[in-house]
Amino acid sequence: MDSRRNFIKKTAIVSAGLAMTPKLSFGMGNSKQKLKIGMIGVGYRGINHLNNVLNRDDVIVTAICDTDPKRIEISLDAIAKKGGKKPKVFSKDEYDYRNLLELKNVDAVIIATPWLWHTRMAKDAMKAGKYTGLEVSAANTMEECWDLVNVHEETGTHLMILENVNYRRDVMAVLNMVKQNVFGELVHFRCGYQHDLRFVKFNDGKTGYGKGVEFGDKGTSEAAWRTQHSLLRNADVYPTHGAGPIAAMCDINRGNRFTSLTSTATKGIGLHDYIQKTGGKDHPNAKLKFKQGDVITSTIETANGESIIVTHDCNLPRPYSLGFRVQGSNGLWEVDGNRMYIEGISDPHRWDDASNWLKKYDHPLWQKYGEHAQGAGHGGMDWFVINSFVESAKLNIAPPMDAYDAAAWSAITPLSELSIENNGEPQDFPDFTRGNWIKRAPYNWMKDTY
Ligand SMILES: NC(=O)c1ccc[n+]([C@@H]2O[C@H](COP(=O)([O-])OP(=O)(O)OC[C@H]3O[C@@H](n4cnc5c(N)ncnc54)[C@H](O)[C@@H]3O)[C@@H](O)[C@H]2O)c1
């Protein structure tokens, strides 16, 4: 996957490319049937979602909301360029999104705001009866995890966590292999978020990524809000890019569940070091002590006896990798090194290049839409997650990744924090399904529709 820096550089090219791509037809020519979407938060991520929905012929964007007038302007421009009707705009203050939620001509919302707004906005959206798409991570505290589940159950409104990595091409091919039992009985997984975010956590207040060592009020985009979590929390604050795909493979909340977790954290020196090197020893931020350990390692146990090691590693220089490993009684896949070993097929004790395996088990969705999705962002997976959201919302059915998943995956954050605080003491996961995980059927991931 591209680094974020490259991703942003490419966004302009991609947007231009998408403008020329013919719209995919979803057989919903009748405008009455179009899904009416409200966008809440049109920052760097929200704009990407906006471009992907604008490229569909079964959706209309009827409202947008952001507190930053510049982001509103960019969004209106994008909508106008695609020939869309001007949507209603909400940008008065931080709670203006509630006025958007009152609109009758909004069926569904996509929330891509800073983390501390996620649960509050998702709860309000579900209460307003809007099919809710929520960016990752969904919740920050255990109370918020429960809030998502409780409000979903009280209102009957669906919530989808918009975890795009579940739709990555290699991840979906490996999911296909899991479902076809190529790995045998599953035993162990590794995953995580291993991404040098120093250039995201700090900037000069003008450019999103890459310049300066400011954050908070003096920063822009993610530096304005994300860095504060590193300053004050020693926790895996971004677990779902790794945990989401693995949870789908081992049917978490559907016949299996996360039961407990232990976490350890290294010292945290990376961000301090970056500030000193980039901004100088005398920069006021060089005095700060960041609470977050540079490498946080959590081990999750599941009801079915698997273990999952989840790594959060975002403050040190390193190339990007989500570090996936999927291992069962017949063999394993490791993303690092792009290697596969399946007993009886691979040469004994020797790795296969994974590429041929991934090609052979290419997921039906990628076979069908891969070419179209390529330009949509993050190697194409962003198209699939929005496709899944839109198709589920049109039918008003439970999404592939629901409120229980959002809660269980996001719960890694508060549980890792507690475990680290208590010398790696095991922490139990709540059962967000209230016992129903034993009878919920595994989600049918193996289809070519969404
Ligand atoms: N899935 C992915 O690959 C991926 C990638 C990047 C970001 N994200 C997630 O997307 C979310 C947004 O990230 P981003 O990079 O776009 O950040 P960003 O800071 O660029 O955008 C956030 C936007 O929300 C707006 N906002 C803040 N408070 C608001 C409020 N009360 N009402 C309306 N608008 C408000 C801000 O003005 C800003 O434009 C985060 O949760 C992040 O973790 C996910």
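Here, the structure is the one placed above.
Cut-offs used in this document
- Residues numbered from 1 in each chain as written.
- Predicted model: local features only at pLDDT ≥ 70, side-chain atom pairs only at ≥ 80, totals over all residues.
- Heavy atoms only, no water.
- Pairing = 2+ DSSP bridges.
- Helix = DSSP H or I, 4+ residues; strand = E, 2+ residues; numbered from the N terminus.
- Salt bridge = Lys/Arg side-chain N within 4 Å of Asp/Glu carboxyl O.
- Buried < 20%, exposed > 50% of the residue type's maximum accessible area, 1.4 Å probe, protein only.

**Q** What am I meant to see in the sheet that holds strand E15 (residues 427–428) here?
**A** Across the sheet, which stays open at both edges, the nine strands sit in the order E14-E13-E12-E11-E7-E10-E9-E8-E15 with mixed pairing between neighbours. For this open sheet the edge positions go to strand E14 (352–353) and E15, each flanked by a neighbour on one side alone. Strand direction decides the pairing type here: strand E8 (residues 258–265) and E15, joined by two bridges, are antiparallel. Bridge pairing in E15 links Ser-260 to Asp-428.

**Q** Help me understand the pattern of salt bridges in this model?
**A** Two side chains of opposite charge can pair, provided their charged atoms sit close to one another. Within the structure shown, the criterion is met by 25 salt bridges. One salt bridge connects Lys-179 with Asp-251, and the closest N-O pair in it is separated by 2.9 Å. Of this pair, Lys-179 sits in helix H7 (residues 169–179) while Asp-251 sits in the loop between helix H10 (240–249) and E8, and the two are 72 residues apart along the sequence. Arg-318 is the salt-bridge partner of Asp-313, the closest N and O atoms lying 3.0 Å from each other. Residue classification places Asp-313 among the buried residues on the basis of a relative accessible area of 8%. Since its relative accessible area comes to 24%, Arg-318 is described here as partly exposed. One network of salt bridges, in which partners are shared, links Arg-56, Asp-58, Glu-391 and Lys-394.

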